[in-house]
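Residue-level structural notes
Residues per chain, in single letters:
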Amino acid sequence: ISIKGLSKIFTTANNQITAVDDLTLDIQEGDIFGVIGYSGAGKSTFVRLLNRLEEPSGGSVVIDDQEITSLTANQLRVTRQEIGMIFQHFNLLWSRTVKDNIAFPLEIAGVPKRERDKRVLELIKLVGLAGRENAYPSQLSGGQKQRVGIARALANKPKVLLCDEATSALDPETTNAILDLLVDINERLGLTIILITHEMHVIRKICRQVAVMEEGKIVEQGDVLDVFLRP
Ligand code: ADP
Ligand code: ADP
């Protein structure tokens, strides 16, 4: 993933906010890359620019030789299948069961029912939700909800997984279990993971590389041990 001069300026009624400010960054395939910073630093806007949930004001994002910033709406729909995302508050469909939440992106992608069912079963096993297929999100713990979020994000076999404060709503023990699952997925599927958080221990536990964000800019970057132990 190659990011060059990426910017996002929000224009509100009475001012302009530069949420992401001329950001340049390379992320290696297969990495678990952490982005840390205080609330308001621009982390969430930054990851949302990578799959164009936000439209950039300037700059470019190239993922696997594909220029994300210049895709048409139709191309973007296909490319988004290659970029999974999970959220702090899970963003599940409350009226659908676990199974049907996970199947949703497959339905949208037009995967036939037989194949869909098979894939959903695999995903349920992968994230450790066997036995909960027919539960509704309201019947699950926070950790289980995030497991559904992860399975749904992986449904279309993405190359990249974006995690936006994915453990911030969870207690420490559940957080560790979800982080272990992300490492397992990274190792098993070779998937690149970008994880944003305001919690240092999350970065320390699973990331190899880290970038520190402040006011829309990266102020420090490198190997996790180097960055956090540097005097
Ligand atoms: P973080 O994820 O690090 O907490 P955000 O990316 O959410 O930071 O926000 C960065 C800055 O951009 C903040 O000042 C925030 O208020 C502003 N911002 C984010 N989204 C919008 C929006 N849709 N409209 C206006 N300002 C926004
Ligand atoms: P977490 O620590 O992940 O937030 P909770 O403390 O919410 O988890 O849940 C702990 C246990 O209670 C889990 O086994 C979960 O399945 C169960 N549980 C949580 N919420 C509900 C609910 N609304 N209905 C039934 N069981 C629930």
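Residues numbered from 1 in each chain as written. Chains lettered and ligands numbered in written order. Predicted model: local features only at pLDDT ≥ 70, side-chain atom pairs only at ≥ 80, totals over all residues. Heavy atoms only, no water.

**Concerning the side chain of threonine 175**
Along the chain, threonine 175 falls in helix α6 (residues 172–189). At 3.4 Å, the side chain of threonine 175 forms a polar contact with the backbone oxygen of threonine 167. Beyond its immediate chain neighbours, meaning those up to four positions away, threonine 175 contacts Thr167, Leu170, His201 and Val202. (Helix = DSSP H or I, 4+ residues; strand = E, 2+ residues; numbered from the N terminus. Polar contact = N/O pair within 3.5 Å; in protein donor to acceptor, adjacent residues only side chain to side chain. Contact = heavy atoms within 4.5 Å.)

**Quick notes on the side chain of serine 7**
Inspection of the secondary structure puts serine 7 in strand β1 (residues 2–11). Residue classification places serine 7 among the buried positions, given a relative accessible area of 15%. (Buried < 20%, exposed > 50% of the residue type's maximum accessible area, 1.4 Å probe, protein only.)

**Some points on helix α1 (residues 43–50)**
With six of its eight residues buried, α1 lies for the most part within the structure. Phi turns positive, to about 60°, at arginine 52, one or two residues after α1.

**Thoughts on the site of ligand 1**
Every residue lining ligand 1 is accounted for by Phe10, Thr12, Ile17, Ala19, Tyr38, Ser39, Gly40, Ala41, Gly42, Lys43, Ser44 and Thr45. For ligand 1, an oxygen atom lies 2.7 Å from a polar atom in the backbone of glycine 40. Between ligand 1 and threonine 45 there is a distance of 2.6 Å, counted from an oxygen atom to a side-chain nitrogen or oxygen. Compared with its free state, where it exposes 560 Å², ligand 1 has 62% of that area covered by protein. The set of elements that each furnish at least two residues to the shell around ligand 1 consists of β2 (16–26) and α1. By residue number, the principal contributor to the shell around ligand 1 is α1, which donates three residues. Split by residue class, the shell around ligand 1 holds five nonpolar, six polar and one charged. (Near = heavy atom within 4 Å. Areas by Shrake-Rupley, 256 points an atom, 1.4 Å probe, with all protein chains shown as cover. Nonpolar A, V, L, I, M, F, W, Y, C, P; charged D, E, K, R; others polar.)

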